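Observations on chain architecture
So the chains spell out like this:
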Amino acid sequence: MLALQGLVDAQIGYRRAAGSTRASFSLSRADGISLSAPTMAESNGRNANGDSKDRTDGGLVHLQNRNLQSLDQDILYHLSLGTRSHDLVEMFGDVKHGIGTPSLQILLHEVIKLMHYARVKDPVFVRIGTSGGIGVEPGTVVVSDGAVNELMEPYHEQAVCGKMVKRSTKLNQDLAREIRDLRRQSDEFQVVNAKTMCAMDFYEGQGRLDGAFCYHTEEDKVQYLRELHKAGVRNIEMEATCFAAVTHLASIRSAIVCVTFLDRFKGDQVCPPKSVLSQWEVRPQEIVCRFIRRHLQSRTN
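Residues numbered from 1 in each chain as written. Predicted model: local features only at pLDDT ≥ 70, side-chain atom pairs only at ≥ 80, totals over all residues. Heavy atoms only, no water.

We now examine the overall build of the protein. Helix and strand counts for the protein come out as five helices and 11 strands. Classification of the 301 residues of the protein by burial places 50% in the buried group. Considering only intrachain contacts with a sequence separation of at least 6, the fraction spanning at least 24 residues in the protein is 76%. For the protein, the accessible area works out to roughly 14,400 Å², and carbon and sulfur atoms hold 49% of it. (Helix = DSSP H or I, 4+ residues; strand = E, 2+ residues; numbered from the N terminus. Buried < 20%, exposed > 50% of the residue type's maximum accessible area, 1.4 Å probe, protein only. Contact = heavy atoms within 4.5 Å. Areas by Shrake-Rupley, 256 points an atom, 1.4 Å probe, with all protein chains shown as cover.)

Now for the environment of Met152. The topology assignment puts Met152 in the loop between β6 (141-148) and β7 (155-160). Take Met152: its relative accessible area is 27%, and that puts it in the partly exposed class. Measuring from C-alpha to C-alpha, the distance between Met152 and Val233 comes to 8.7 Å, with 81 residues separating the pair along the chain. Among residues more than four places away in sequence, those in contact with Met152 are Glu227, Leu228 and Ala231.

All right, on to the pairing of strand β9 (residues 191-198) then. Pairing of β6 with β9 involves seven bridges; the strand directions are parallel. Looking across to β9, one finds that Ser144 is bridged to Ala194. Where β9 and strand β10 (residues 233-237) come together, four bridges link them in parallel fashion. Residue Met197 lies in a different strand from β10, and its bridge partner there is Ile236. (Pairing = 2+ DSSP bridges.)

With the rule as written, the count across this model stands at 10 salt bridges. Measuring nitrogen to oxygen at the nearest pair gives 2.9 Å for the salt bridge that ties Asp181 to Arg180. One salt bridge connects Asp187 with Arg290, and the closest N-O pair in it is separated by 2.8 Å. Here Asp187 is found in the loop between α2 (173-180) and β9, whereas its partner Arg290 is found in helix α5 (residues 274-300), with 103 residues between them in sequence. A residue is classified by how much of its surface remains accessible, and Asp187, at 10% relative accessible area, is buried. Taken together, the shared-partner salt bridges connect Arg127, Glu237 and Glu239 into one network. (Salt bridge = Lys/Arg side-chain N within 4 Å of Asp/Glu carboxyl O.)

With that out of the way, let us pick up the packing of helix α1 (residues 101-117) against helix α4 (residues 240-249). Two elements in contact, α1 and α4, have axes whose closest approach is 9 Å; the angle formed by their N-to-C orientations is 20°. Classified by the angle between their axes, α1 and α4 sit roughly parallel to one another. Pair α1 / α4 crosses with right-handed handedness. Of the residues in α4, those in contact with Thr101, Leu104, Gln105, Leu108 and Ile112 of α1 are Cys242, Phe243 and Val246. Of the residues in the contact of α1 with α4, the class split is six nonpolar, two polar and no charged. (Axes fitted to C-alpha atoms, helices over the stretch in contact; angles between N-to-C directions. Parallel < 35°, antiparallel > 145°, perpendicular 65-115°, else oblique. Left-handed = near helix turned anticlockwise from the far one by under 90°. Nonpolar A, V, L, I, M, F, W, Y, C, P; charged D, E, K, R; others polar.)

Turning next to the packing of aromatic side chains. Within the structure shown, the criterion is met by two aromatic pairs. Arranged with centres 5.0 Å apart and planes meeting at 80°, the rings of Phe202 and Tyr203 form a pair that is edge-to-face. Judged by relative accessible area, which is 36%, Tyr203 ranks as partly exposed. An angle of 45° between the planes, with centres 6.4 Å apart, marks the rings of Phe261 and Trp280 as tilted. Within this pair, whereas Phe261 is found in strand β11 (residues 253-263), its partner Trp280 is found in helix α5, the two being separated by 19 residues in sequence. Look at Phe261 and you get buried, because its relative accessible area is 11%. Across the ring face of Tyr155, the terminal group of Lys166 is positioned such that the distance to the ring centre comes to 4.9 Å. Against the face of Phe202 rests Arg208, its NZ or CZ located 3.9 Å from the ring centre. (Phe/Tyr/Trp six-rings, centres within 6.5 Å; stacked < 30°, edge-to-face > 60°. Lys NZ or Arg CZ within 6 Å of the ring centre and 35° of its normal.)

Within the secondary structure, Arg283 sits in helix α5. In this structure Arg283 is buried but unpaired, with Glu188 as the nearest side chain of opposite charge at 5.3 Å. With residues near it in sequence (within four places) discarded, Arg283 still touches Gly139, Val141, Glu188 and Phe189. (Lys, Arg positive; Asp, Glu negative; His and termini not counted.)

Our next topic: α1. Compared with the 24 Å implied by 1.5 Å per residue over 17 residues, the 24 Å span of α1 between its first and last C-alpha is a close match. Within α1, 14 of the 17 residues are buried, leaving the element largely enclosed by the surrounding structure. Looking one or two residues beyond α1, the residue adopting positive phi is Arg119, at roughly 55°. (Expected span 1.5 Å × (residues − 1).)

Okay, here's the thing in structure tokens:
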């Protein structure tokens, strides 16, 4: 149904269309876009800070922008879609986009609008990706039960009209535990629940010592990693707070499932051979595919 992310990272979407008893999923790693749309319902769900409001929508994704109601057509520019030019109820396809918080946030805005126009009920968004570990064995799969910024705060911040807006990064705990528990005894890797730290940068923002610039010491880095570990953080990536905050604001259940490529306590470089990394990056996909199969089977029984 939807996949957001490139390279080794991806998002999986799970949906149940309004009036349909079928569930559908898709996981995509290739570029390509094409979808569709009906009408607009009254804004509902949460306020601007992400606090819950009463919902009577039966699980439909609602938009929180009344300005959209005055548009003759809402053009989802980055998806090459429009609410008049495409039938978003009938038409679905794989979606791919660039990586990092800015491009992810653009795509989430448009995919959430797509969910509304297509009358999708009770969607589940899952981000699949790679990360750096903190005190865990490389190859471990971390299912996030919380997302924090570089200051270890459970918020995503952005400037809106010249003012900083801070939004909660809550993740669904039941969903995180369900995905974690899909590990099998035969799996040659661990699956754990833990907090994920989202950095706005790959180098200095993560305390690395191997960037083009470095004004901190190894002692600074190790102390920072210790503080993160003490706070329950077990991996670092670059999208978690945005993904968690935006889906929470939209009242969409979501999860983040990432494999770790290294233990940052032991270095900054990703050293395993490509063949090993290729095996590791499949692990989150395997776990999430089990989640998809479980829910598909439950709806056909």
